[in-house]
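Spelled out from the first residue to the last, the chains are:
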Amino acid sequence: MTSSTFFWVTSRAAGTTAMILASAAVGYGLVMGGRLVRGGGADRLHLHEILALSTMVAIAVHGLALLGDTWLHPSIVDLTVPFLGSYRTLVTSIGIIAGWSLIILGLAYYARRRIGVRRWKLIHRFTAVAWLMGLVHTFTEGSDAGKLWFIALIALTAAPALVLLVVRHGRLAQRRPTRPTGTSAVWRAEPA
């Protein structure tokens, strides 16, 4: 294996690992947020934190390993700033935005007291959007995209989180207050 191939394979492995870990973190976070499991709150929180931090490390390795790829030969700016690289600019940029978003939103946990827990909970919901963008990047770019084994691996690990996300948003939609038609001054939430 040449050194360039080593960096390319390392990036592929780290990207795949990042997507699997992100799917596990998002799915587990949805289980916690939906209160689908009772008891052991501290242990659940630690596992969610470990999955999130592991995802961040894998994302960093995924991007940084490409610096050694002599075929692609990207610069640090190509790998960190969306829409500046010349290789598959749109899907690469989606991946860059997803990666930065997952890292920033994940690290925001440590600033939740400063920014306010309520505000943190609100912005933490965007983690699902970043994860979905990561899935788009995963399925549309790279040498493994389109291969059956890769599609099966990512689909099997992402499916539980996708189902939980749909269920969670379905529940939220049912609980949203509704406004009677024809009135604007007084409205109330319908009973759950």
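Shown above is the structure to which this text applies.
In what follows, the accompanying structure is described.

Examining the overall build of the chain
No. 1: Along its length, the chain carries eight helices and zero strands.
No. 2: Helices and strands in the chain line up, N terminus first, as α-α-α-α-α-α-α-α.
No. 3: Scored against the burial criterion, the 192 residues of the chain give a buried share of 32%.
No. 4: For the chain, contacts bridging at least 24 residues in sequence account for 61% of all contacts bridging at least 6.

A few points about the side chain of Glu141
No. 1: For Glu141, the location among the structural elements is in the loop between helix H7 (126-140) and helix H8 (148-175).
No. 2: The side chain of Glu141 is buried and forms no salt bridge, while Arg88, the nearest opposite charge, is found at 5.5 Å.
No. 3: A distance of 2.7 Å separates the side chain of Glu141 from the side chain of Thr92, its partner in a polar contact.
No. 4: With near-sequence residues (within four places) excluded, Glu141 lies in contact with Tyr87, Arg88, Val91 and Thr92.

Focus: the packing of aromatic side chains
No. 1: Counting across every chain of the model gives five aromatic pairs.
No. 2: With 5.4 Å between their ring centres and 75° between their planes, Phe6 and Phe7 make a pair best called edge-to-face.
No. 3: Residue Phe7 is classed as partly exposed on the basis of its relative accessible area of 28%.
No. 4: Summarising the aromatic geometry, the rings of Trp149 and Phe150 are spaced 5.6 Å apart at their centres and angled 75° between planes, so their arrangement reads as edge-to-face.
No. 5: The class for Trp149 is partly exposed, based on a relative accessible area of 48%.
No. 6: An aromatic cluster is built from Tyr109, Tyr110 and Trp120, whose rings are joined through pairwise contacts.
No. 7: Its end group placed over the ring of Trp8, Arg12 keeps NZ or CZ at 4.5 Å from the ring centre.
No. 8: Above the ring of Tyr109, the side-chain terminus of Arg112 is found at 3.9 Å from the ring centroid.

Considering the nonpolar core
No. 1: Among the nonpolar cores identified, the biggest contains 19 residues, and Met19, Trp131 and Leu135 are the most heavily contacted of them.
No. 2: Within the residue set of this core, elements represented by two or more residues are helix H1 (3-33), helix H2 (41-65), helix H4 (89-107), H7 and H8.
No. 3: Look past the residues within four positions of Met19 in its chain and what remains in contact with it is Trp131, Gly134, Leu135, Thr138 and Ile154.

Concerning unusual backbone geometry
No. 1: Phi angles above zero are rare outside glycine, and His73 is one such case at about 50°.
No. 2: Relative to the helices and strands, His73 is located in the loop between H2 and helix H3 (76-80).
No. 3: Residue His73 is classed as exposed on the basis of its relative accessible area, which comes to 61%.
No. 4: One non-glycine residue, Arg88, adopts positive backbone phi at about 40°.
No. 5: Within the element layout of this structure, Arg88 appears in the loop between H3 and H4.

Quick notes on a nonpolar patch on the surface
No. 1: The grouping of Leu64, Leu67, Ile76, Val77, Val81 and Leu84 at the surface amounts to a nonpolar patch, some 490 Å² of accessible area in total.
No. 2: Topologically, Ile76 is positioned in helix H3.
No. 3: Among the residues examined, Ile76 registers a relative accessible area of 44% and is labelled partly exposed.

Cut-offs applied
- Residues numbered from 1 in each chain as written.
- Predicted model: local features only at pLDDT ≥ 70, side-chain atom pairs only at ≥ 80, totals over all residues.
- Heavy atoms only, no water.
- Helix = DSSP H or I, 4+ residues; strand = E, 2+ residues; numbered from the N terminus.
- Buried < 20%, exposed > 50% of the residue type's maximum accessible area, 1.4 Å probe, protein only.
- Contact = heavy atoms within 4.5 Å.
- Lys, Arg positive; Asp, Glu negative; His and termini not counted.
- Salt bridge = Lys/Arg side-chain N within 4 Å of Asp/Glu carboxyl O.
- Polar contact = N/O pair within 3.5 Å; in protein donor to acceptor, adjacent residues only side chain to side chain.
- Phe/Tyr/Trp six-rings, centres within 6.5 Å; stacked < 30°, edge-to-face > 60°.
- Lys NZ or Arg CZ within 6 Å of the ring centre and 35° of its normal.
- Core = buried A, V, L, I, M, F, W, Y, C linked by side-chain atoms within 4.5 Å.
- Patch = residues over 30% accessible without salt bridge, like charges linked within 9 Å, V, L, I, M, F, W, Y side chains within 5 Å.
- Areas by Shrake-Rupley, 256 points an atom, 1.4 Å probe, with all protein chains shown as cover.

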